Amino acid sequence: MQKISPIKKWLGAGSKILLDTIFPALCPRCNEAVDEPGSLCADCWGQANFISPPTCFHCGYPFEYEVADDMLCGNCISNPPPFTRGLSVLHYDDVSRDMILAFKHADRTDRVPAFANWMSRTAAEILKDDVLIAPVPLHRKRLLKRRYNQSALLAQSIGNKTNRRVAVDLLLRSKDTSSQGGKNLKARFKNIRGAFSVNPVWQDTIKGEHILLIDDVYTTGATVSACASCLLRAGVRQIDILTLCRVVRPVSMSI
Ligand SMILES: [Zn+2]
Ligand SMILES: [Zn+2]
């Protein structure tokens, strides 16, 4: 449900022109003024690489050719993930990296509503009435340094837009893992093992729940898989994953 800010209420109908002059809608990548809040400018739109079907049924890996709806990628066939569906909005590339880095490290939290809009649309089919949305948590030390968990902001905004329940503190990051950047696939999975636990306050209530786990970037799937395994052990019925971006060919890169 859309909330109306007090200033908009006070100004009433016809206020859009005035508000657009005071707070113009900006492109979430380059800050050019745009007509609609949350939309990319024509230039960035032309460069943005949105993920579209066909994709792997489990992890969302985009195929370059037409396949059956329930087709799996090679990774999911040889090593099935602990989650059911994985969906992402954008390829992780130069365009989306600009947006993500500003959002994660430069306090550009004003981009959250635009990102949450895109993510809600991408996950429309799995955002069922009974879904419980939860973010991948940051370790306390990193949270203190950054002051906000970007995945929690996305989770809250998606919950507000779609009227779904959000459990911001469902998972705890009990191990302060070093950055996953620069590590290969095996090292990423090893590094993150045992890093997460279910918050004791949720332990008794999440049995049988359907969880939609939110993160900003899906690189190898190591982080979301560690979270999903931990939730499965706690008795969760189904876990789906929704990320803003997806690295399509895992390579060593700093995120
Ligand atoms: Zn732009
Ligand atoms: Zn897959």
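Just so we're clear, the structure is a prediction, and the values are computed from it rather than from any experiment. (Residues numbered from 1 in each chain as written. Chains lettered and ligands numbered in written order. Predicted model: local features only at pLDDT ≥ 70, side-chain atom pairs only at ≥ 80, totals over all residues. Heavy atoms only, no water.)

A. How the structure looks around unusual backbone geometry. Between Pro53 and the following residue, Pro54, the backbone shows a cis peptide bond with an omega angle of 5°. Structurally, the position occupied by Pro54 is in the loop between helix H3 (42–47) and helix H4 (74–78). Its identity is not glycine, yet Arg147 carries a phi of approximately 75°, on the positive side. Mapped onto the fold, Arg147 is located in the loop between helix H7 (140–146) and helix H8 (150–162). (Helix = DSSP H or I, 4+ residues; strand = E, 2+ residues; numbered from the N terminus.)

B. Broad picture of the coordination of the zinc ion (ligand 2). Those protein atoms acting as donors to the zinc ion (ligand 2) are Cys56 (SG), Cys59 (SG), Cys73 (SG) and Cys76 (SG), and they sit at 2.3 Å. Each of the four donor atoms around the zinc ion (ligand 2) contributes to a set of angles spanning 106 to 115°, which defines the coordination as tetrahedral. Motif for the zinc ion (ligand 2), donor spacing along one chain: C-x2-C-x13-C-x2-C. Within this pair, whereas Cys56 is found in the loop between H3 and H4, its partner Cys73 is found in the loop between H3 and H4, the two being separated by 17 residues in sequence. On the basis of relative accessible area, Cys56 is assigned to the buried category, the value being 1%. (Donors = N, O, S within 2.8 Å, 3.2 Å for Na, K, Ca; no water. Tetrahedral: all angles 85-135°; square planar, octahedral: opposite > 155°, others 65-115°. Buried < 20%, exposed > 50% of the residue type's maximum accessible area, 1.4 Å probe, protein only.)

C. Quick look at the environment of Ala123. Mapped onto the fold, Ala123 is located in the loop between helix H6 (112–122) and strand E2 (132–135). Owing to a relative accessible area of 0%, Ala123 belongs among the buried residues under this scheme. Taking the C-alpha atoms as reference points, Ala123 and Leu242, separated by 119 residues in sequence, lie 7.0 Å from one another. In this structure, Ala123 is in contact with Leu87 and Leu242, ignoring residues within four places of it in sequence. (Contact = heavy atoms within 4.5 Å.)

D. How the structure looks around the coordination of the zinc ion (ligand 1). Looking at the zinc ion (ligand 1), one finds its protein donor set to be Cys27 (SG), Cys30 (SG), Cys41 (SG) and Cys44 (SG), positioned 2.3 Å from the metal centre. Each of the four donor atoms bound to the zinc ion (ligand 1) contributes to angles spanning 102 to 116°, and the resulting shape is tetrahedral. Spacing between the donor residues of the zinc ion (ligand 1) along their common chain follows C-x2-C-x10-C-x2-C. Taken together, the positions of Cys30 in the loop between helix H2 (16–22) and H3 and Cys41 in the loop between H2 and H3 put the pair 11 residues apart, joining distant regions of the chain. Owing to a relative accessible area of 10%, Cys41 belongs among the buried residues under this scheme.

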